[in-house]
Amino acid sequence: MSKVLVIAGTTDAKTVIERLLEKNYDAAVTVTTRLGAGMLDEFKNLDIYQGKLNKEHITQLIRTLKPTCLIDAANPFSTEITRNAINVCKYEALPYIRYERERVSYEDDPDITIVKNYGEACDVLMNCEGNILLTLGSNKIETFKKIPDYSQRVYLRVLPDWKVLSKCESLGFSPKNIIAIKGPYNEALNIELFKYCQAAVLVTKESGNMGGVVDKINAAKKLGMKIILVDRIEACCNNKFSSVEELLKCVDRIDAG
């Protein structure tokens, strides 16, 4: 039975793992957080490795497990993890496969300001009035400390993880403005949360429909909020798929060959 190493962290990864097991592949999975590991509780006898996915950790896993390939199903915005995985696979001569959920295009939407990164988002926010809701996670959240009165005006929606909460508080964000909840969230729940924050501005990222961006944007539009969308940087690699079935065909070819 061939072993496949999967970098998980999204709901998409669960589907990939489920299909691999159905096809009798021996899947080993690596996640960065306890919440990520908990997402896979339904799978019995699944080898799960938790920890920071730097080059050393990925290299160690590959050399220990000796998989036939690595499937990177990390979040579209986990660019450092993806970059590390690509570089290590190239060095170890291991086939790398990227699963990347389909994009949602908002380029022609006049109600949405699209920016390339968090720095550009912050620059736009410097000229915005009212409360701001950031639905970006906690990575690089310190970028937004430049916003005037950020501790009062900025609300954060983050994962309910003590490390995340501790980081946000240590940066000076008000505990009463931190909403710790695990998504995804439907449009109705988004509307209620936006109302609770009395938010005039939504900042989100293009994480695809599976990441809940469509429901967030629809909710913000209904409330007449300003919307800032951080675009994603797609990985440059040969074997990249947004279809699980096409991805599995690639795994089969590698395994057969």
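Keep in mind that this is a model prediction, so the values were computed, not measured.

Asks: What should I look at first to understand the overall build of the protein in this one?
Replies: Each helix and strand in the protein was counted, giving 10 helices and 12 strands. The C-alpha radius of gyration computed for the protein amounts to 19 Å, which stays within 12% of the reference 18 Å derived for 257 residues, consistent with globular compactness. The C-alpha extent of the protein, read off along each of the three principal axes, is 60 × 40 × 35 Å. Across the protein, contacts joining residues at least 24 apart in sequence account for 64% of those joining residues at least 6 apart. Across the protein, the centroid of the 35 positively charged side chains sits 4 Å from that of the 34 negatively charged ones.

Asks: For this particular structure, what's the right way to read the packing of aromatic side chains?
Replies: Working definition: an aromatic ring pair is given by the centre-to-centre distance plus the angle between the planes. For the coordinates displayed, the defined rule picks out two aromatic pairs. When the ring of Y118 is compared with that of F144, the centres are 5.8 Å apart and the planes differ by 45°; the resulting orientation is tilted. Here Y118 is found in helix α5 (residues 118-125), whereas its partner F144 is found in the loop between β7 (131-134) and α6 (150-153), with 26 residues between them in sequence. Of the two residues examined, Y118 and F144, each falls in the buried class. Judged by centre distance (5.1 Å) and plane angle (75°), the ring pair of Y150 and F173 falls under edge-to-face. With Y150 in helix α6 and F173 in the loop between α7 (162-170) and β9 (178-180), this residue pair connects regions lying 23 residues apart in the sequence. Of the residues examined, Y150 reaches a relative accessible area of 16% and is grouped as buried. By relative accessible area, which is 2% here, F173 ends up buried.

Asks: Is there a simple way to explain the packing of helix α8 (residues 187-197) against helix α9 (residues 213-222) in this structure?
Replies: A pair of packed helices is captured by two measures, namely the crossing angle of their axes and the spacing between those axes. Viewed as axis vectors pointing N to C, α8 and α9 meet at an angle of 50°, and their least axial separation amounts to 8 Å. As judged from the angle between their axes, α8 and α9 are oblique. Viewed along their axes, α8 and α9 form a crossing whose handedness is right-handed. The segment α8 lies against α9, with E187, N190, I191 and F194 engaging D215, K216, N218, A219, A220 and K222. Among the residues making up the contact of α8 with α9, the classes are represented as four nonpolar, two polar and four charged.

Asks: Looking at this model, I keep getting lost on the pattern of salt bridges. Mind explaining?
Replies: Pairs can form between side chains of opposite charge whenever their charged atoms are close. Evaluated as defined, the whole model comprises 15 salt bridges. The shortest N-O distance in the salt bridge between D12 and R101 comes to 2.7 Å. Of the two residues, D12 sits in helix α1 (residues 11-22) while R101 sits in the loop between β5 (96-99) and β6 (112-115), which places them 89 residues apart along the sequence. Take D12: its relative accessible area is 6%, and that puts it in the buried class. Close ionic contact of D252 with K23 constitutes a salt bridge, the shortest N to O distance being 3.2 Å.

Asks: Mind showing me how you'd approach unusual backbone geometry here?
Replies: Among all residues save glycine, negative phi is the norm, and among peptide bonds the norm is trans. Even without being glycine, K66 reaches a positive phi, approximately 50°. With respect to the element layout, K66 can be found in the loop between α3 (55-65) and β4 (69-72). The phi torsion at Q198 lies on the positive side, around 50°, for a residue other than glycine. Mapped onto the elements of the fold, Q198 is located in the loop between α8 and β10 (199-205).

Conventions and cut-offs
- Residues numbered from 1 in each chain as written.
- Predicted model: local features only at pLDDT ≥ 70, side-chain atom pairs only at ≥ 80, totals over all residues.
- Heavy atoms only, no water.
- Helix = DSSP H or I, 4+ residues; strand = E, 2+ residues; numbered from the N terminus.
- Rg over C-alpha atoms; globule rule 2.2 N^0.38 Å.
- Contact = heavy atoms within 4.5 Å.
- Lys, Arg positive; Asp, Glu negative; His and termini not counted.
- Charge placed at Lys NZ, Arg CZ, Asp CG, Glu CD.
- Phe/Tyr/Trp six-rings, centres within 6.5 Å; stacked < 30°, edge-to-face > 60°.
- Buried < 20%, exposed > 50% of the residue type's maximum accessible area, 1.4 Å probe, protein only.
- Axes fitted to C-alpha atoms, helices over the stretch in contact; angles between N-to-C directions.
- Parallel < 35°, antiparallel > 145°, perpendicular 65-115°, else oblique.
- Left-handed = near helix turned anticlockwise from the far one by under 90°.
- Nonpolar A, V, L, I, M, F, W, Y, C, P; charged D, E, K, R; others polar.
- Salt bridge = Lys/Arg side-chain N within 4 Å of Asp/Glu carboxyl O.

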